Amino acid sequence: MAGCGGCGGSSKDMAVDFGDEPHVLAVDDNLIDRKLVEKLLKNSSCKVTTAENGLRALEYLGLGNDQRNTLEGSVSKVNLIITDYCMPGMTGYELLKKIKESSVLREVPVVIMSSENSPTRITQCLEEGAQMFMLKPLKQSDVKQLKCHLMNCRS
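So, how was this worked out
- Residues numbered from 1 in each chain as written.
- Predicted model: local features only at pLDDT ≥ 70, side-chain atom pairs only at ≥ 80, totals over all residues.
- Heavy atoms only, no water.
- Phe/Tyr/Trp six-rings, centres within 6.5 Å; stacked < 30°, edge-to-face > 60°.
- Lys NZ or Arg CZ within 6 Å of the ring centre and 35° of its normal.
- 1 Å grid on protein atoms, 1.4 Å probe; cavity = no way out; pocket = protein on both sides within 12 Å on 5 of 7 lines; lining within 4 Å.
- Points joined across faces, edges and corners; volume = space filled by probe spheres on them.
- Helix = DSSP H or I, 4+ residues; strand = E, 2+ residues; numbered from the N terminus.
- Nonpolar A, V, L, I, M, F, W, Y, C, P; charged D, E, K, R; others polar.
- Core = buried A, V, L, I, M, F, W, Y, C linked by side-chain atoms within 4.5 Å.
- Buried < 20%, exposed > 50% of the residue type's maximum accessible area, 1.4 Å probe, protein only.
- Contact = heavy atoms within 4.5 Å.
- Salt bridge = Lys/Arg side-chain N within 4 Å of Asp/Glu carboxyl O.

J.: Any details on the packing of aromatic side chains? Residues and values, ideally.
T.: Counted by the stated rule, this structure contains 0 aromatic pairs. Between Lys77 and the ring centre of Tyr60, over which it is positioned, the NZ or CZ distance is 4.2 Å.

Here is the structure:
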């Protein structure tokens, strides 16, 4: 069973719902940051899919422009979405809003990452429904905390 470090008793029940590996969609336009997040998540026994921007993420999730309603009534492919805030084309905030507008995806926790510690940005994202806001560069301890948080939220 996927371990969660010292994160409390309710995490055990949760691992059953995910199977042993929560599936995380990691979205970041920076290849190095994307690879780092992928490696940290895999070290924490997560299955990881990556996307290099918000539009690619939406396509993967079934919310691309040409697939507007194909997802309705089905189940999300992922247990968690972690996205960079600052990306060309569509920001992490805009991606968050699109996800929260979807009847199927709005229950999926979204975590926003940013290298800028901007209180207004953090508040804006949390008010729009982000589960968490994390500062880059992410560390293994951040991912452990995130996974514990996720498991506790959903149990």
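J.: Can you break down empty space enclosed by the protein residue by residue, with the values?
T.: A full pass over the atoms with the stated rule returns 2 cavities of 30 Å³ or more. Of the volumes computed, that of the largest cavity is approximately 40 Å³. Forming the boundary of the largest cavity are Val24, Leu41, Cys46, Leu80, Val143, Leu146, Lys147 and Leu150. Counting residues per element, the lining of the largest cavity draws most heavily on helix 6 (residues 140-154), at 4 residues. Looking at the lining of the largest cavity, its residues break down into 7 nonpolar, no polar and 1 charged. Approximately 30 Å³ is the volume found for the second largest cavity. Around the second largest cavity, the lining residues are Asp33, Leu36, Val37, Met113, Lys136, Pro137 and Leu138.

J.: Tell me about the nonpolar core, residues and numbers included.
T.: The nonpolar side chains of a soluble globular protein tend to be buried with one another. Ranked by internal contacts, the top residues of the largest apolar core, which has 24 residues, are Leu25, Val27, Ile81, Ile112 and Cys125. Of all the secondary structure elements, the ones that give two or more residues to this core are strand 1 (23-27), helix 3 (54-61), helix 4 (92-101), strand 4 (110-114) and helix 5 (119-127). In this structure, Cys125 is in contact with Tyr85, Tyr93, Leu96, Ile112, Ala130 and Phe133, ignoring residues within four places of it in sequence. Judged by nonpolar contacts, the second largest core, of 17 residues, contains Val24, Val37, Met113 and Leu150.

J.: Could you give an account of the pattern of salt bridges, with specific residues and numbers?
T.: Charged atoms that come close allow side chains of opposite charge to pair. Taken as a whole and judged by the stated rule, the model has 9 salt bridges. For Lys136, the salt bridge goes to Asp33, with nearest N and O atoms at 3.0 Å. Taken together, the positions of Lys136 in the loop between strand 5 (132-135) and helix 6 and Asp33 in helix 2 (residues 31-43) put the pair 103 residues apart, joining distant regions of the chain. On the basis of relative accessibility, which here comes to 22%, the residue Asp33 falls in the partly exposed class. Two residues, Asp84 and Lys136, come together in a salt bridge whose shortest N-O distance is 3.1 Å. Taken together, the positions of Asp84 in strand 3 (residues 80-84) and Lys136 in the loop between strand 5 and helix 6 put the pair 52 residues apart, joining distant regions of the chain. Given the relative accessible area of 16%, Lys136 is considered buried. Each of Asp28, Asp33, Asp84 and Lys136 takes part in a single network of salt bridges with overlapping partners.

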